[in-house]
Amino acid sequence: MPTQPSEQPPSSVPEPHRHRNVAESFGVDAERYDRTRPRYPDALVERIVAASPGPDVVDVGCGTGIEARQLRAAGCAVLGIEPDARMAGFARRAGFEVEVATFEAWEDAGRRFDAVVAGQSWHWVEPVAGAAKAARVLRPGGLLAVFWHVFQMPDEVFDAFAEVYRRVAPDSPIPVQSAKQPLNLYEGMFARTSDGIRAADAFGEPEHWRHEWEKRYTRDEWLDQIPTHGSLTRLPPDKLAEVLESVGAAIDRLGGGFTVPYVTVAVTASRPA
């Protein structure tokens, strides 16, 4: 699930977990979210499974179950934790047990797991409290693996989005232009995540895993995905239409499609065995 500029948690927003109104807005169109958000590299899923001492996984902010389905296909038993009841309902229809809560407030009831994962959601979790909670529910040797997609849009598409978004959502707390170089932007978040893991004082030294890949989008595919991102989920229909028109025109100027280079980065750490 790639991150639009309006969704990325920039360095000027040091505590994105406080923006719960954004974090819990994605279920407004859960079917579209599930249909349009990209999956995770198979190599990442395989690495998580190989590094875990067993198959029992907690998926934090599981959404519609995108990574949960991939983990299940790899042999895992997945329990979802999801604060948005609409997203949880979608994942349940795919056959997952999902408990509606933020991870910090979730009642684990003494249950223990082999891995705690979070795909594109850990920035909504308080980093130290989240790492401490993960440590508590993990068995010895258990793995914490939180991961994000980072991508670079063509300049023409980014500039069209940034210009219209500033016009239709001038009061947005997230400065769009700061996402012009997304990997640099995310490095601060990866560091904050690693610092939170260290502060929990229950894991080995965090590692960063990187998986590079790319995906080709048509105009319609990209426009179909846009309404699922960040503050756009709360835009009135007329303003959303402005965004889609502007971005669509930019993609038309590129010939009707473009290829997006992705880097999926995971911050991981294991409890001592």
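Just so it is clear, the model here is predicted, and its values are computed rather than measured.

Rules behind the numbers
- Residues numbered from 1 in each chain as written.
- Predicted model: local features only at pLDDT ≥ 70, side-chain atom pairs only at ≥ 80, totals over all residues.
- Heavy atoms only, no water.
- Helix = DSSP H or I, 4+ residues; strand = E, 2+ residues; numbered from the N terminus.
- Buried < 20%, exposed > 50% of the residue type's maximum accessible area, 1.4 Å probe, protein only.
- Contact = heavy atoms within 4.5 Å.
- Pairing = 2+ DSSP bridges.
- Axes fitted to C-alpha atoms, helices over the stretch in contact; angles between N-to-C directions.
- Right-handed = clockwise from strand over helix to strand, strands pointing away.
- Phe/Tyr/Trp six-rings, centres within 6.5 Å; stacked < 30°, edge-to-face > 60°.
- Lys NZ or Arg CZ within 6 Å of the ring centre and 35° of its normal.
- Core = buried A, V, L, I, M, F, W, Y, C linked by side-chain atoms within 4.5 Å.

Caption draft 1: Molecular detail of the overall build of the protein chain. The number of helices and strands found in the protein chain is 10 helices and 7 strands. Residues counted as buried form 56% of the 273 residues belonging to the protein chain. Across the protein chain, contacts joining residues at least 24 apart in sequence account for 79% of those joining residues at least 6 apart.

Caption draft 2: The sheet that holds strand S2 (residues 77-82), seen in detail. The mixed open sheet is built from 7 strands, whose spatial order is S3-S2-S1-S4-S5-S7-S6. The open sheet has two edge strands, strand S3 (97-100) and strand S6 (207-218), and neither has a second partner. Averaged over all pairs of adjacent strands, the angle between their axes in this sheet comes to 20°, without regard to strand direction. When strand S1 (residues 56-60) meets strand S4 (residues 113-119), the two strands line up parallel, connected through 3 bridges.

Caption draft 3: Spatial organisation of the pairing of strand S5 (residues 138-151). Within S5, 12 of the 14 residues are buried, which leaves it mostly tucked inside the rest of the structure. With 6 bridges joining them, S4 and S5 adopt parallel strand pairing. Along S5, the bridge assignment pairs valine 117 with alanine 145. Chirality of the crossover, the property in question, places the unit of S4, helix H6 (residues 127-137) and S5 among those that are right-handed.

Caption draft 4: Looking closely at the environment of threonine 36. Mapped onto the fold, threonine 36 is located in helix H2 (residues 30-36). A sequence separation of 191 residues divides threonine 36 from proline 227, and the C-alpha atoms of the two residues are 9.9 Å apart. Non-local contacts of threonine 36, meaning those with residues more than four positions away in its chain, are made with Asp224, Gln225 and Thr228.

Caption draft 5: The packing of aromatic side chains, seen in detail. Overall, the coordinates contain 13 aromatic pairs when judged by the stated rule. The interplanar angle of 45° and the centroid separation of 5.8 Å between the aromatic rings of tyrosine 186 and phenylalanine 190 together place this pair among those described as tilted. Of this pair, tyrosine 186 and phenylalanine 190 both sit in helix H8 (residues 182-200), 4 residues apart, which is roughly one turn of the helix. Across this residue pair, the class does not change: tyrosine 186 and phenylalanine 190 are buried. Following the ring pairs from residue to residue traces out a cluster consisting of Phe151, Trp213, Tyr217, Trp222, Phe258 and Tyr262. Over the aromatic face of phenylalanine 103 sits the side chain of lysine 133, whose NZ or CZ is 5.5 Å from the ring centroid. Between lysine 215 and the ring centre of tyrosine 217, over which it is positioned, the NZ or CZ distance is 5.3 Å.

Caption draft 6: Structural view of the environment of aspartate 155. As for its position among the elements, aspartate 155 is in helix H7 (residues 155-168). Residue class for aspartate 155 comes out partly exposed when judged on its relative accessible area of 43%. For the pair formed by aspartate 155 and alanine 250, sequence separation is 95 residues and the distance between their alpha carbons is 9.6 Å.

Caption draft 7: Representation of the environment of aspartate 34 within the structure. Position of aspartate 34 among the secondary structure elements: in helix H2. Aspartate 34 sits 32 residues away from isoleucine 66 along the chain, and the two C-alpha atoms are 6.9 Å apart. Apart from residues no more than four positions distant in its own chain, aspartate 34 is found in contact with Arg39, Thr64, Ile66, Arg69 and Phe90.

Caption draft 8: Fine view of the nonpolar core. Counting 31 residues, the largest nonpolar core has Trp106, Val116, Trp122 and Leu144 as the members making the most contacts within it. Within the residue set of this core, elements represented by two or more residues are S1, S2, S4, H6, S5, H8 and strand S7 (257-270). Counting residues in each nonpolar core, the second largest holds 26 residues, with Ile66, Val98, Leu143 and Ala266 among its members.

Caption draft 9: Looking closely at helix H4 (residues 66-73). Among all positions of H4, only Ile66, Glu67, Ala68, Gln70 and Leu71 are buried. Turning to H4, the residues buried within the fold contact H2, helix H3 (42-51), S1, S2 and S4. Of the residues trailing H4, glycine 75 is marked for its positive phi of about 105°.

Don't take any of this as a statement about function, it's just geometry.
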